[in-house]
Amino acid sequence: MKLSDVVAFMGHQVHVCRYREAGTLLAWMGRDLRGKRVLDVAGGDGYWAGQARKRGAQAVSIDLARKKMLYGQTLAHPPALIECDALRLPFGEGSFDAVLSVCAIEHFDDGGKSLDEMARVLKPGGEIFMSADVLSRADAWPKLRDAHKAKYHVQHTYTHETLGKLMDERGLDLVRHSYQFRTPAAERLYLSLSTYGGKVGFNAAAPLAPLVALADRRAPNERGSIVLIHARKRA
């Protein structure tokens with residue numbers, strides 16, 4: 001295994017939330033993706049699209065971060081990496097069987113426009129697997145909330161209900177959803193790590209992931225820091 005793959009693994013999978021977040025989306029997508037065309041919107045270095053490729057998919061990752069994409073080309077299973085705007089996808093209608101997007105929509109000025117594009121390039125019956133920042137209790141800690149939003153350029157936050165409404169307007173039916181960091185303590189941990197620890201903090205807190213997952217299983221699936229969405233395009 002190359003050093004770049006080790007670094008990518010540590011960054012994406014040794015993480016208090018990202019492995020469980022993206023891992024759940026990929027689990028929903030399926031283990032056998034042979035013959036499927038998968039697009040990762042705002043996929044950075046393309047790591048997670050690369051995981052779809054390992055499962056047999058024809059995977060494409062788009063982003064505007066050229067430095068990350070150049071790094072992604074050095075990984076063992078890189079997808080096709082295309083530099084472009086998520087609000088102006090350079091693909092025809094119905095080009096993909098599935099769209100993946102890991103905590104990206106909250107960073108777009110116009111989340112509805114990004115969903116317009118995702119729905120447009122998705123074939124009828126195709127599926128979207130995405131996550132988004134919710135920060136459902138963030139108003140309880142305004143300094144942490146504001147610092148998180150400023151640090152990560154969070155423009156909007158979403159719930160499964162608001163995303164479901166946006167998707168319904170674009171011919172997409174919500175199949176299922178799941179919240180992560182559901183308890184007040186877990187939400188505060190998430191905001192504290194993002195504010196004071198950043199990327200290193202999220203990685204250092206990876207040993208806490210099983211405890212967070214256990215707490216999530218015991219809490220109602222109604223709120224949290226991150227929401228995972230699975231939707232299907234109507235025929």
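Further up the page is the structure itself.
Residues numbered from 1 in each chain as written. Predicted model: local features only at pLDDT ≥ 70, side-chain atom pairs only at ≥ 80, totals over all residues. Heavy atoms only, no water.

## A look at a nonpolar patch on the surface
Taken together, the side chains of Leu3, Val6, Val7, Phe9 and Met10 make up a nonpolar region of the molecular surface, amounting to roughly 460 Å² of accessible area. Checked against the element boundaries, Met10 lands in helix α1 (residues 3–12). (Patch = residues over 30% accessible without salt bridge, like charges linked within 9 Å, V, L, I, M, F, W, Y side chains within 5 Å. Areas by Shrake-Rupley, 256 points an atom, 1.4 Å probe, with all protein chains shown as cover. Salt bridge = Lys/Arg side-chain N within 4 Å of Asp/Glu carboxyl O. Helix = DSSP H or I, 4+ residues; strand = E, 2+ residues; numbered from the N terminus.)

## Observations concerning the sheet that holds strand β6 (residues 172–180)
In space, the seven strands of this open sheet follow the order β3-β2-β1-β4-β5-β7-β6, with mixed pairing throughout. Only two strands of the sheet have a single neighbouring strand rather than two, namely β3 (80–83) and β6. Looking at each pair of strands side by side, their axes are set apart by 15 degrees on average, direction ignored. Alignment of strand β1 (residues 37–41) against strand β2 (residues 58–63), held across five bridges, turns out to be parallel. In the strand pairing of β2, Leu39 is matched with Val60. Along the sheet face, helix α3 (residues 47–54) touches β1, β2 and β4 (96–101) and points at about 175 degrees away from the line of β2. (Pairing = 2+ DSSP bridges. Axes fitted to C-alpha atoms, helices over the stretch in contact; angles between N-to-C directions. Contact = heavy atoms within 4.5 Å.)

## Some points on the packing of helix α6 (residues 142–151) against helix α8 (residues 184–204)
Between α6 and α8, whose axes approach to 9 Å, the crossing angle comes to 55 degrees. The angle between α6 and α8 falls in the class oblique. Note that α6 runs across α8; the crossing there is left-handed. Contacts between α6 and α8 pair Leu144, Arg145, Ala147, His148 and Lys151 from the former with Arg188, Tyr190, Leu191, Ser192, Ser194, Thr195, Tyr196, Gly197 and Gly198 from the latter. When the residues that make up the contact of α6 with α8 are grouped by side-chain class, the tally is five nonpolar, six polar and three charged. (Parallel < 35°, antiparallel > 145°, perpendicular 65-115°, else oblique. Left-handed = near helix turned anticlockwise from the far one by under 90°. Nonpolar A, V, L, I, M, F, W, Y, C, P; charged D, E, K, R; others polar.)

## So, helix α9 (residues 209–218)
All of the buried residues in α9 are Ala209, Val212, Ala213 and Asp216. Looking straight down α9, one finds its buried side chains confined to an arc of 100 degrees; they lie on one side. Across from the buried face of α9, at angles greater than 90 degrees, the exposed residues are Pro210, Leu211 and Arg218. At its buried positions, α9 is contacted by α2 (18–29), β6 and α8. (Buried < 20%, exposed > 50% of the residue type's maximum accessible area, 1.4 Å probe, protein only. Arc of directions from axis to C-beta.)

## Description of the pattern of salt bridges
Applying the stated rule across the entire model yields 16 salt bridges. For the salt bridge of Arg145 with Asp146, the shortest nitrogen-to-oxygen distance reads 2.8 Å. On the accessibility criterion, Arg145 (18% relative accessible area) is buried. For Arg234, the salt bridge is made with Asp173, and the minimal N-O distance between the two is 2.5 Å. Of the two residues, Arg234 is situated in the segment after β7 (226–233) and Asp173 in strand β6; the sequence distance between them amounts to 61 residues. Judged by relative accessible area, Arg234 falls into the partly exposed class, the value being 36%. For Asp173, a relative accessible area of 34% gives the class partly exposed. Overlapping salt bridges, with partners in common, bring together Asp116, Lys165, Glu169 and Arg170 in one network.

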